[in-house]
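# Inside the fold
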Amino acid sequence: MELHVRYEGDDDPEKCTARKLARFDLAELHRSAGATPYGVVLNPHAEVALSPADADHNRLVALDCSWETAEKAMFEMPGDHRALPFLVAANPVNYGQPFQLNTVEAFAGALCILGEREHAEEILAKFTWGHTFLELNEEPLRRYAECEDSTEVVEVQQEYLDAGSE
């Protein structure tokens, strides 16, 4: 699965997971929406959840920008937009925060849901905390990957959201 990043460059370059992936030729960075290829766009504003039904695509696209600027308009790129379900961040900046994933975590979560766990492990291996993401999200990632479609993923996600509000 190809990994592509619409790169804004507004985060600390030393902490930017997209840049690190690009340095290791694990992802390709694009400076404009027009230059970003068509694929499954990981978009927290999407109305459809990513599911194993999306596994027929060969390209994942993420937007790398500061959470402060991650508005809906920023995600206007060509592609099939999908939201990642409930997952918890393991990165040092947002550790333990649900839905606050950085770029490599978003890619890894998506790859696991799409049945490409080894690829997820490969990209996370470049980060000292990478294995922690898989450990923190072991059960939900396994359950999402067992779903048939977006509807089932949303049902599983709701269980985690309901458990968190108790």
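In case you missed it, the structure is sitting above this.
Bear in mind the structure is a predicted one, so any value in this text is a computation, not a measurement.

Let's shift gears to helix α2 (residues 103-113). Within α2, eleven of the eleven residues are buried, leaving the element largely enclosed by the surrounding structure. All buried positions along α2 are accounted for by Thr-103, Val-104, Glu-105, Ala-106, Phe-107, Ala-108, Gly-109, Ala-110, Leu-111, Cys-112 and Ile-113. The N-cap residue of α2 is Asn-102: its side-chain oxygen and the backbone nitrogen of Val-104 are 3.3 Å apart. Just past α2, the residue Gly-115 takes up positive phi, approximately 85°.

Here the focus is the packing of helix α5 (residues 138-145) against helix α6 (residues 150-164). The axes of two packed helices give the description: the angle between them and the distance between them. Closest axis-to-axis distance for the α5/α6 pair is 9 Å, and the angle between their directions is 155°. By the angle between their directions, the pair α5 and α6 is classed as roughly antiparallel. The crossing of α5 and α6 is right-handed. Between α5, through Glu-139, Pro-140, Arg-143 and Tyr-144, and α6, the contact on the second element is made entirely by Val-153, Val-156, Gln-157, Glu-159 and Tyr-160.

The tally for this structure, following the rule as stated, stands at four aromatic pairs. Ring geometry for Phe-127 versus Trp-129: centroids 5.2 Å apart, planes at 35°, classification tilted. Neither residue differs from the other here; Phe-127 and Trp-129 are each classed as buried. Both rings, one in Tyr-144 and one in Tyr-160, keep their centres 6.4 Å apart while their planes meet at 70°; by these two values the pair is edge-to-face. Of this pair, Tyr-144 sits in helix α5 while Tyr-160 sits in helix α6; the two residues are 16 residues apart in sequence, bridging distant segments of the chain. Residue class for Tyr-160 comes out buried when judged on its relative accessible area of 16%. By way of ring pairs, the aromatic residues Phe-86, Phe-99, Tyr-144 and Tyr-160 are connected into one cluster. Cation over ring: Lys-20 sits above Phe-127, and NZ or CZ is 4.8 Å from the ring centre. Over the ring of Phe-24 we find Lys-126; its NZ or CZ atom is 4.2 Å from the centre of that ring.

Thresholds, definitions, all that
The residue numbers shown here count from 1 along each chain, following its written sequence. With pLDDT at 70 or above as the cut-off, local features in this predicted model cover only qualifying residues; side-chain atom pairs require 80 or more to be listed or tallied, and sums for whole chains, interfaces and linings still use all residues. Neither water nor hydrogens contribute to the side-chain values; these are computed over all heavy atoms in the structure. Relative accessibility thresholds used throughout: buried, under 20% of the residue-type maximum; exposed, over 50%; partly exposed, between the two (1.4 Å probe, protein chains only). Where helices and strands are cited, they refer to DSSP runs of H or I of at least four residues and of E of at least two residues respectively, numbered from the N terminus. Two N or O atoms form a polar contact when they lie within 3.5 Å of each other; inside protein one atom must be a possible hydrogen donor and the other a possible acceptor, and for residues adjacent in sequence the pair counts only when both atoms belong to side chains. For every element, the axis is a line fit to its C-alpha atoms; helices are fit only across the contacting stretch, and the angle between N-to-C directions ranges from 0 to 180 degrees. Angle categories are assigned with fixed cut-offs, so that under 35 degrees is roughly parallel, over 145 is roughly antiparallel, 65 to 115 is roughly perpendicular, and the rest are oblique. Each crossing gets its handedness from the near helix: less than a right angle anticlockwise from the far helix is left-handed, clockwise is right-handed. Residues are treated as being in contact if the distance between any of their heavy atoms lies within 4.5 Å. Centres within 6.5 Å make a pair out of two Phe, Tyr or Trp rings, where for Trp the six-membered ring is used; the pair is then stacked when the planes are under 30 degrees apart, edge-to-face when over 60, and tilted otherwise. Consider the ring centre and the ring normal. A charge sits over the ring if Lys NZ or Arg CZ is within 6 Å of that centre and within 35 degrees of that normal.

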